[in-house]
Amino acid sequence: MEITSMQSSILETSSGKGQDFVAQGKKTNGDLWYLVMDGHGKNKVIDALRKLDYITIMENSNPARTINDYVDKMGDTFNSGATLSLVIISPTQINCYWKGDSTIKIWRDGKEIFVSENHNRHNTEEVSRMTREGILREPAWSPKVLDDTTLTMEPASYYVFN
């Protein structure tokens, strides 16, 4: 498989909240990368992530870990966060990294061959992992769409990180 030449670029979406971020580029070894982040809550995290040097970060052996470590070092990010979806395509493989509820899908010949599992309260493996790590959950409520014109609330929970 030959990878098409391209230039690295950053694309900001025009959402009023400024919480979406998309970047794509080409590593020095020729691998292509695509990064999508969706901020939520206050903009502290997504604003900080927007300023990173992704051309350099993508050269690391695990760029998703580098980005995650950066957010961990930010300190108090209460009520602010971002999902992350990163795909790196080389001539022999596709590497996918994700965090949160943004989904990555890989298609071949018109058929879906891979879909990422969201890291959220609906994923039982994720809930089990968080429980094993001692991360507490508090009861809460979440909106649920019943049809095109009707919403209701359903029991939910949120995670408490100490």
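Above this text is the structure in question.
Quick look at the structure, then.

Analysis parameters
Residues numbered from 1 in each chain as written. Predicted model: local features only at pLDDT ≥ 70, side-chain atom pairs only at ≥ 80, totals over all residues. Heavy atoms only, no water. Helix = DSSP H or I, 4+ residues; strand = E, 2+ residues; numbered from the N terminus. Buried < 20%, exposed > 50% of the residue type's maximum accessible area, 1.4 Å probe, protein only. Contact = heavy atoms within 4.5 Å. Areas by Shrake-Rupley, 256 points an atom, 1.4 Å probe, with all protein chains shown as cover. Arc of directions from axis to C-beta. Phe/Tyr/Trp six-rings, centres within 6.5 Å; stacked < 30°, edge-to-face > 60°. Polar contact = N/O pair within 3.5 Å; in protein donor to acceptor, adjacent residues only side chain to side chain. Salt bridge = Lys/Arg side-chain N within 4 Å of Asp/Glu carboxyl O. Core = buried A, V, L, I, M, F, W, Y, C linked by side-chain atoms within 4.5 Å. Pairing = 2+ DSSP bridges.

Along the protein chain, the regular secondary structure elements total four helices and nine strands. Each helix (α) and strand (β) of the protein chain, taken in turn from the N terminus, gives the series β-β-β-α-α-α-β-β-β-β-α-β-β. Expressed as a percentage of the 162 residues in the protein chain, the buried residues total 31%. Counting contacts in the protein chain only where the partners sit at least 6 residues apart, residues at least 24 apart contribute 38% of the total. As displayed, the protein chain offers around 10900 Å² of accessible surface, 52% of which is attributable to carbon and sulfur atoms.

Turning to helix 3 (residues 63-72), a few remarks are in order. Of the residues making up helix 3, those classed as buried are P63, A64, I67, N68 and V71. End-on view of helix 3: buried residues confined to an arc of 140°, all on one side of the axis. Where helix 3 is buried, its residues contact helix 1 (44-50), helix 2 (54-57), strand 4 (80-89) and strand 5 (94-99).

Taken as a whole, this structure holds two aromatic pairs when the rule is applied. Between the aromatic rings of F21 and Y54, the centroid separation amounts to 5.6 Å while the plane-to-plane angle is 40°, which identifies the pairing as tilted. Of this pair, F21 sits in strand 2 (residues 20-26) while Y54 is found in helix 2, placing the two residues 33 residues apart along the sequence. Taking the relative accessible area as the measure of exposure, Y54 reaches 2% and is therefore buried. The interplanar angle of 65° and the centroid separation of 5.8 Å between the aromatic rings of W98 and F114 together place this pair among those described as edge-to-face.

All right, on to the side chain of Q19 then. In this fold, Q19 is placed in the loop between strand 1 (9-12) and strand 2. Polar side-chain contacts of Q19 include one of 2.8 Å to the side chain of N43. Apart from residues no more than four positions distant in its own chain, Q19 is found in contact with M37, D38, G39, H40, G41, K42, N43, I46 and R50.

Attention now moves to the pattern of salt bridges. A complete count under the given rule lists two salt bridges for this structure. With its nearest N and O atoms 2.7 Å apart, the salt bridge here joins R50 to D47. Highlighted residues: R50 and D47, both in helix 1, separated by three residues, approximately one helical turn. Under the relative-accessibility criterion, D47 is labelled partly exposed at 32%. Among the salt bridges present, the one from K105 reaches E112, with a minimum N-O distance of 3.6 Å. A relative accessible area of 47% means that K105 is categorised as partly exposed.

What follows deals with the nonpolar core. Formed by 20 residues in total, the largest nonpolar core has its most connected members in W33, L35, M37, L49, Y54 and L86. Secondary structure elements with two or more residues in this core: strand 2, strand 3 (32-41), helix 1, helix 2, helix 3 and strand 4. At four residues, helix 1 tops the list of elements feeding residues into this core. Once residues within four sequence positions are removed from consideration, M37 is found in contact with Q19, D20, F21, I46, L49, Y54, T83 and L84.

Here we take up the pairing of strand 6 (residues 105-108). Relative to strand 7 (residues 111-115), strand 6 runs antiparallel, the two sharing four bridges. By the bridge assignment, R108 is partnered in strand 7 with K111. The antiparallel hairpin formed by strand 6 and strand 7 contains two residues in its connecting segment, where D109 sits at a positive phi of about 50°.

Distances and angles like these do not, on their own, reveal function.
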